[in-house]
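Structural overview
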Amino acid sequence: MAHTARILLLGSGELGREFVISAKRLGAYVIACDAYDDAPAMQLADAREVFSMLDGERLREVAEKHRPDYIVPEIEAIRTEALAELESEGFTVVPSARAAQLTMNRDAIRDLAANELGLVTSKYRYAKNLDEVRAAAAHTGFPCVIKPVMSSSGKGQSTVRDEDELEGAWDYACANMRGDRQRVIVEQFIDFDYEITLLTVRHAGGVTFCPPIGHRQERGDYQESWQPTPMSDSAIAKAQDMARKVVDDLGGFGLFGVEFFVRGEEVIFSELSPRPHDTGMVTLVSQNLTEFDLHARAVLGLPIPDRMLARPSASAVILADRDSDQLGYEGLADAMAQGADIRIFAKPTSRPYRRMGVALATGSDTDEARSKARDAAHRVHITYG
Ligand SMILES: Nc1ncnc2c1ncn2[C@@H]1O[C@H](COP(=O)(O)OP(=O)(O)OP(=O)(O)O)[C@@H](O)[C@H]1O
Ligand SMILES: NCC(=O)N[C@@H]1O[C@H](COP(=O)([O-])[O-])[C@@H](O)[C@H]1O
Ligand SMILES: [Mg+2]
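All values reported here derive from a predicted model rather than from experimental measurement.

**A word on the site of ligand 1**
- Lining the immediate environment of ligand 1, one finds 19 residues, of which Lys147, Gly154, Glu187, Glu195 and Glu271 sit closest.
- One of the side-chain nitrogen or oxygen atoms of Gln157 is found 2.9 Å away from an oxygen atom of ligand 1.
- Glu195 has a polar side-chain atom sitting 2.5 Å from an oxygen atom of ligand 1.
- Protein chains bury 93% of the 620 Å² of accessible surface belonging to ligand 1 in isolation.
- Those elements that provide at least two residues to the shell around ligand 1 are strand E6 (144-148), strand E8 (184-188) and strand E13 (254-263).

What follows is the structure in structure tokens.
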């Protein structure tokens, strides 16, 4: 065979696009899947399949047609029962069908982290109607954060300051939840000093951590990230210990993005992605091996260094502000003039707040890198035809 491995990629957004590049550099044949055609990763892959990955039967048909060595989820909205079945029949799901299943639902991963593994989390309770939301908020206190148990990138999420806002937040969560379970998590709002993503690679040779990535979110969605971010030795040790516990429990090989809130010396586990993380796009310039390279290596059973280093770097997102299918981009040269780099994801359509690209920069420290990346992101103008 001409290729080192066949990979079925489930989800073809910007993270998948970079993963395709990394996997293909290692000689893999990649079939990119998503619910819409010309998705960012499809444009670079060897083959594509356009279907809803929530459709278990279609998922099975596609897996049987391509007979991949590895099935690599790139999004959360996947019929994970189908992944479990395929795994039991001998397919390899990355990092494991169990990891995909538990992280698709906030309640499943939260119960594992808080109850079974004993990790420190915010106070929380679940609710499936407005009365239960009120009871849950009485338990957590105000402010609290309400999120659908099935959602990502902040969809359906709101921070609630008092009783009167609960109904609006419940309606908003219901209107924006994915899947068929009308259920939310109500979490105590953590007034953190900063939050991090700890990229954690579980591989044949053990577990390797990348230097912590700091990030800033708006509307529950990432706006900028930087690496490394300073942390005390004790805080980093706590985060690494919790990350190791959870990835060892989930099993399999791959890179995980483990999210924590840090308040003083207290480190609070939030959630994790069993795959490259959006805030980890900064590794496209900060690390010798990016998060996508590390995921590809771990998946293919190739060696991962024991220690990863990062030079001070930052990323800043380029967002659309309206719906369009006549997109163009201006200002790239201007954005790059101060030394920043730009990635455009080439999504075929835009909608308000959709992430269309990212600016990347390095600097003598992360403050300088952040201001360069932000400045470059502002110089890119999307045209809407
Ligand atoms: N309990 C909380 N206290 C304070 N801030 C919170 C809390 N929960 C979430 N946030 C803020 O909202 C952001 C998004 O939350 P979370 O990571 O749970 O959502 P998500 O939809 O899964 O996002 P993604 O899929 O992009 O990781 C967090 O990074 C944090 O900034
Ligand atoms: N926080 C998760 C995340 O960043 N996922 C990334 O966004 C894409 C969906 O983007 P879209 O909504 O613009 O299609 C996903 O395919 C993945 O690459
Ligand atoms: Mg998150």
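Back to the write-up after that little detour.
**Let's talk about the layout of surface pockets**
- There is about 360 Å³ of room inside the second largest pocket.
- Sorting the residues of the lining of the second largest pocket by element identifies strand E11 (213-218), strand E15 (313-319), helix H12 (366-379) and strand E19 (381-383) as the ones contributing at least two each.
- Its residues assigned to classes, the lining of the second largest pocket comprises 9 nonpolar, 3 polar and 4 charged.

**With respect to helix H7 (residues 166-176)**
- Of the positions making up H7, those classed as buried are Leu166, Ala169, Trp170 and Ala173. Summarising the axial view, the buried residues of H7 lie within an arc of 100°, below the 170-degree limit, and thus occupy one face.
- Those residues of H7 hidden inside the fold are in contact with strand E5 (124-127), helix H6 (130-140), E6, strand E7 (158-160) and E8.

**Points about the nonpolar core**
- Counting residues in hydrophobic clusters, the biggest one holds 29 residues, and the most contacted among them are Ile7, Leu9, Phe19, Val30, Tyr70, Val72 and Met281.
- Going through the elements one at a time, strand E1 (5-10), helix H1 (14-25), strand E2 (28-34), strand E4 (70-73), helix H9 (283-286), helix H10 (291-299) and strand E18 (355-362) are the ones with two or more residues in this core.
- Two domains each donate at least three residues to this core, and these are domain 1 (5-93) and domain 3 (194-383).
- Look past the residues within four positions of Met281 in its chain and what remains in contact with it is Glu14, Leu15, Tyr222, Glu291, Phe292, Phe345, Arg355, Val358 and Leu360.
- With 27 residues, the next largest nonpolar core counts Leu198, Phe209, Val246 and Val267 among its residues.

**Considering the packing of H6 against H7**
- Interhelical geometry of H6 versus H7 gives an angle of 120° and a closest axis separation of 10 Å. Accordingly, the angle class assigned to the pair H6 and H7 is oblique. Seen along the crossing, H6 lies across H7 with a hand that is right-handed. Facing H6, whose interface residues are Leu130, Val133, Arg134 and Ala137, H7 presents Leu166, Glu167 and Trp170.
- For the contact of H6 with H7, the residue count by class is 5 nonpolar, no polar and 2 charged.

**Points about the UniProt feature "domain: ATP-grasp" (unreviewed entry) in the protein**
- Under the UniProt annotation, "domain: ATP-grasp" (unreviewed entry) lies at residues 111-300.
- In the segment residues 111-300, helix accounts for 31% and strand for 33%; the C-alpha atoms at its two ends are 30 Å apart.

**Focus on the side chain of Glu187**
- Checked against the element boundaries, Glu187 lands in strand E8.
- Note on Glu187: relative accessible area 4%, which makes it buried.
- Separated by 3.2 Å, the side chains of Glu187 and Arg110 make a polar contact.
- Engagement of the side chain of Glu187 in a polar contact is seen with the side chain of Lys147, the distance being 3.0 Å.
- When neighbours within four sequence positions are excluded, Glu187 is seen to be in contact with Arg110, Ser122, Lys123, Tyr124, Thr140, Cys144, Val145 and Lys147.

**Observations concerning the packing of aromatic side chains**
- One pass over the full model with this rule turns up 3 aromatic pairs.
- A ring pair is formed by Phe192 and Phe261, whose centres lie 4.9 Å apart and whose planes are at 10°; its orientation type is stacked. Here Phe192 is found in the loop between E8 and strand E9 (194-203), whereas its partner Phe261 is found in strand E13, with 69 residues between them in sequence.
- Classification of Phe261 by relative accessible area gives buried; the value is 11%.

**Description of the pattern of salt bridges**
- In total, this model carries 35 salt bridges according to the counting rule given.
- Between Glu224 and Arg216 there is a salt bridge, with its nearest N and O atoms 2.8 Å apart.
- Accessibility expressed as a relative area gives 2% for Glu224, which makes it buried.
- For the salt bridge of Arg355 with Asp278, the shortest nitrogen-to-oxygen distance reads 2.8 Å. Remark: Asp278 occurs in the loop between strand E14 (266-273) and H9 and Arg355 occurs in strand E18; sequence separation between them is 77 residues. Of the two residues, Arg355 and Asp278, neither departs from the other in class, the shared state being buried.

Criteria and thresholds
Residues numbered from 1 in each chain as written. Chains lettered and ligands numbered in written order. Predicted model: local features only at pLDDT ≥ 70, side-chain atom pairs only at ≥ 80, totals over all residues. Heavy atoms only, no water. Near = heavy atom within 4 Å. Polar contact = N/O pair within 3.5 Å; in protein donor to acceptor, adjacent residues only side chain to side chain. Areas by Shrake-Rupley, 256 points an atom, 1.4 Å probe, with all protein chains shown as cover. Helix = DSSP H or I, 4+ residues; strand = E, 2+ residues; numbered from the N terminus. 1 Å grid on protein atoms, 1.4 Å probe; cavity = no way out; pocket = protein on both sides within 12 Å on 5 of 7 lines; lining within 4 Å. Points joined across faces, edges and corners; volume = space filled by probe spheres on them. Nonpolar A, V, L, I, M, F, W, Y, C, P; charged D, E, K, R; others polar. Buried < 20%, exposed > 50% of the residue type's maximum accessible area, 1.4 Å probe, protein only. Arc of directions from axis to C-beta. Contact = heavy atoms within 4.5 Å. Core = buried A, V, L, I, M, F, W, Y, C linked by side-chain atoms within 4.5 Å. Domains from an automatic or database assignment. Axes fitted to C-alpha atoms, helices over the stretch in contact; angles between N-to-C directions. Parallel < 35°, antiparallel > 145°, perpendicular 65-115°, else oblique. Left-handed = near helix turned anticlockwise from the far one by under 90°. UniProt positions renumbered as here; feature names shortened; annotations may be inferred. Phe/Tyr/Trp six-rings, centres within 6.5 Å; stacked < 30°, edge-to-face > 60°. Salt bridge = Lys/Arg side-chain N within 4 Å of Asp/Glu carboxyl O.

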